[in-house]
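Reading the structure
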Amino acid sequence: MKAKYLILEFKNILGNFIGIFFGFIFPVLLANIIIFSRKSEIPPQFVSDFKVTIFITMISIIPLSLALVGFPALFSQETEKGVTRRMVLFGYGITKQLINKLISNIVVIFIAVGVYFFSVGYMNDIKLPSAYSLFVLLVSLFVISIDFYMITFAITWWLKKFSYVYGVTMVLYFIVMILTGMFGVSSEKFGTIIYGIAKCI
């Protein structure tokens, strides 16, 4: 039954267009657009470093999108429709649901990372990082994913309604995107206070 529940969660995630678009398609499109549109402006000797910088910056969108946009959109609908309460009646308490959703979401996030590596890294001939750098990158993505997942789980459990949850998480999503420079605007331009907040993020 545990395996069936995990499979059910995987199907729910992969059937959620919002999560698939923001987690799989959007990061790839954004990274490729920035690389193709800006690399001609970069001196030839710095193009390789430019590609690596964009690659690493944009890959952070994946856990951000799936954990902060895709997951709460799906979970809030389940909560609002009473699915979460019914799962409790079948022996799946909130803790069990949290763990199963976390596992399935983390796996999907790393599938998206694999797609991103091929669609952006391979297609743009970006040099492979060392084994240590790759390990640090994957661990960082894992930690970020858990952090955002726990935040959105708490928000969804508290607000419950899809409209409220989606509004709050989308605002958080774009705030983080802007402050971390993922839209191509440096946080330094927003002043000392905002820049300090961005550094914490």
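Residues numbered from 1 in each chain as written. Predicted model: local features only at pLDDT ≥ 70, side-chain atom pairs only at ≥ 80, totals over all residues. Heavy atoms only, no water.

**Structural notes on the side chain of Thr156**
Relative to the assigned elements, Thr156 resides in helix α7 (residues 131–159). At 2.7 Å, the side chain of Thr156 forms a polar contact with the backbone oxygen of Thr152. Not counting chain neighbours up to four residues away, the residues in contact with Thr156 comprise Pro72, Phe75, Ser76, Thr79 and Val165. (Helix = DSSP H or I, 4+ residues; strand = E, 2+ residues; numbered from the N terminus. Polar contact = N/O pair within 3.5 Å; in protein donor to acceptor, adjacent residues only side chain to side chain. Contact = heavy atoms within 4.5 Å.)

**Quick word on the pattern of salt bridges**
Inspection of every chain in the model, using the stated rule, returns three salt bridges. Across the pair Glu9 and Lys101 runs a salt bridge, and its minimum N-O distance is 3.0 Å. Placement of the pair is Glu9 in helix α1 (residues 2–14) and Lys101 in helix α6 (residues 94–122), with a sequence separation of 92 residues. Each of the two residues, Glu9 as well as Lys101, counts as buried. The network of salt bridges with shared partners includes Glu9, Glu78 and Lys101. (Salt bridge = Lys/Arg side-chain N within 4 Å of Asp/Glu carboxyl O. Buried < 20%, exposed > 50% of the residue type's maximum accessible area, 1.4 Å probe, protein only.)

**Some points on the packing of helix α2 (residues 17–38) against helix α8 (residues 162–179)**
At their nearest, the axes of α2 and α8 sit 14 Å apart, and the two run at 10 degrees to each other. One element, α2, and the other, α8, form an angle in the roughly parallel class. Residues Ile18, Phe22 and Phe26 of α2 lie in contact with α8, whose contacting residues are Tyr166, Met170, Tyr173 and Met177. Among the residues forming the contact of α2 with α8, the class breakdown is seven nonpolar, no polar and no charged. (Axes fitted to C-alpha atoms, helices over the stretch in contact; angles between N-to-C directions. Parallel < 35°, antiparallel > 145°, perpendicular 65-115°, else oblique. Nonpolar A, V, L, I, M, F, W, Y, C, P; charged D, E, K, R; others polar.)

**Section: the environment of Thr156**
Note on Thr156: relative accessible area 0%, which makes it buried. On a C-alpha basis, the gap between Thr156 and Ala73 in space is 8.9 Å, while along the polypeptide they are 83 residues apart.

**Quick word on the packing of helix α3 (residues 47–59) against α6**
At a minimum axis distance of 11 Å, the contact between α3 and α6 shows a crossing angle of 155 degrees. In terms of orientation, α3 and α6 fall into the roughly antiparallel class. Where α3 crosses over α6, the handedness of that crossing is right-handed. Contact residues: Ile54, Phe55, Met58 and Ile59 in α3; Val113, Tyr116, Phe117, Val120 and Gly121 in α6. Taken together, the residues that form the contact of α3 with α6 break down as eight nonpolar, one polar and no charged. (Left-handed = near helix turned anticlockwise from the far one by under 90°.)

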